[in-house]
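Below are the chains, spelled out letter by letter.
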Amino acid sequence: MMQIKNRSLVSITDYSKEEILRILDIAEGFEENQRQKILSDYVVATLFFEPSTRTRLSFESAVQYLGGGIIGFASADVSSVKKGESLKDTILTVSNYSDLIVMRNPMDGSARYASEVSPVPIINAGDGANQHPTQCLLDLFSIRKTQGTLDNLHIAMVGDLKYGRTVHSLVQALSLFNTTFHFVSPESLKMPSSVKTWVKKAGLEYHQYTEFKEVIPIADILYMTRIQGERFPDPLEYEKVKNAYILDNAMLKNSKDSLKVLHPLPRVNEINEDVDNNPKAYYFQQAQNGVYVRQALIAAILGLK
Ligand code: CP
């Protein structure tokens, strides 16, 4: 296992299985005791060039619970990017003010580029439709916590598997754990071949569907996703698929007792609100787990855990 200290996290594939499990174990410690003031001499920057509620605020919450300082912006509109400043110049400048940069950017590959020019570590908080590795870590934490294991599970992913970056990271990570995958999407939003290649290389099975009722009884985890309207080049194509999958409470009747419904959130209409009170609904606890996992990641990258 390499040192996590001082390393950027751009793609979940930057971490080995052992390193992923180490972050989850540290996160369990923060779940038990969240208020550990180990970051009092540090400043973390959050640069969000794209909207966010959970990722930005849970990172900021994580830093505050650790006793660190936080700077940053929630929109490119209030930064000098608006005046034409390059990403490189922004990163080089902010690295003078902070020990670690958390960045979300709409451009695929922007986080990798930032990590190559930055003197301080970069955590990718989502780059376009590419990767969302910290969401992946909190998804893994949530799966392990609810199922008692990450091994040998049937994971169903439903919705926008083309543009949804969270499922790309999650498939790559779960390919380390002998997962059987069930991919449910419209034909136009299928899981990209580059991601399915990870499953094949790991010698695992994936099944593809356009209807999702048949996967509900066999799933251990039903991972619902939003159709990512903002990433469609043609708004008419979005109109055709925007209501493709809507989970309601009655549909969970024949599911496993141990099933949990996950969603990275935000949701639009793909999970009916009548599911929220079902004990199988886990998406708000999932978002809460994001704080523990981000505390763990920050602490590990800064060499404090
Ligand atoms: N899951 C997630 O990335 O949510 P936000 O877009 O609100 O950060």
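To be clear, the structure that these remarks concern was listed above.
The paragraphs below set out a description of the structure included in this document. (Residues numbered from 1 in each chain as written. Predicted model: local features only at pLDDT ≥ 70, side-chain atom pairs only at ≥ 80, totals over all residues. Heavy atoms only, no water.)

**Re the pattern of salt bridges**
Pairs can form between side chains of opposite charge once their charged atoms are near each other. Threshold: Throughout this description, the term salt bridge denotes a Lys or Arg side-chain nitrogen within 4 Å of a carboxyl oxygen of Asp or Glu. Going along the chain from the N terminus, every DSSP run of H or I of four or more residues is numbered as a helix, and every run of E of two or more is numbered as a strand. Under the scheme applied here, a residue whose accessible area is under 20% of the maximum for its type counts as buried, over 50% as exposed, and between as partly exposed, the area being computed with a 1.4 Å probe on protein chains only.
Enumeration over the complete set of coordinates arrives at 15 salt bridges. Ionic pairing is found between Glu19 and Arg7, a salt bridge with its closest N-O pair at 2.9 Å. Taken together, the residues span a long stretch of sequence, with Glu19 in helix H1 (residues 17–32) and Arg7 in the segment before H1 at a distance of twelve residues. Residue Glu19 shares its accessibility class with Arg7, and that shared class is buried. Close ionic contact of Glu50 with Arg231 constitutes a salt bridge, the shortest N to O distance being 3.2 Å. Of this pair, Glu50 sits in the loop between strand E1 (43–48) and helix H2 (54–65) while Arg231 sits in the loop between strand E8 (221–224) and helix H8 (235–241), and the two are 181 residues apart along the sequence. Summarising the burial analysis for this pair, Glu50 and Arg231 share the class buried. By sharing partners, the salt bridges in this structure join Asp25, Glu28 and Arg144 into a single network.

**Focus: the packing of aromatic side chains**
The following threshold applies: Aromatic contacts are taken between Phe, Tyr and Trp rings whose centres are within 6.5 Å, Trp giving its six-membered ring; a plane angle under 30 degrees counts as stacked, one over 60 as edge-to-face, and the others as tilted. A positively charged side chain is recorded as over a ring if its NZ (Lys) or CZ (Arg) lies within 6 Å of the ring centre. The angle to the ring normal must also be within 35 degrees.
Tallied over the full model, the rule gives eight aromatic pairs. Each ring, one from Phe49 and one from Phe73, has its centre 5.3 Å from the other, and the planes form 85 degrees; the classification is edge-to-face. Of this pair, Phe49 sits in the loop between E1 and H2 while Phe73 sits in strand E2 (residues 69–73), and the two are 24 residues apart along the sequence. The two residues Phe49 and Phe73 agree in class, both being buried. Both rings, one in Phe141 and one in Tyr292, keep their centres 6.5 Å apart while their planes meet at 55 degrees; by these two values the pair is tilted. A residue pair is termed long-range when its members are at least 10 positions apart, and Phe141 in helix H5 (residues 133–147) and Tyr292 in helix H9 (residues 283–301) qualify at 151 residues. The pair formed by Phe141 and Tyr292 is uniform in burial state, with each residue classed as buried. Chaining the aromatic ring pairs together yields one cluster made of Tyr163, Phe232 and Tyr238. Over the face of the ring belonging to Trp198 we find Lys201, whose NZ or CZ atom lies 5.6 Å from the ring centre.

Coordinates in, geometry out; function isn't part of it.
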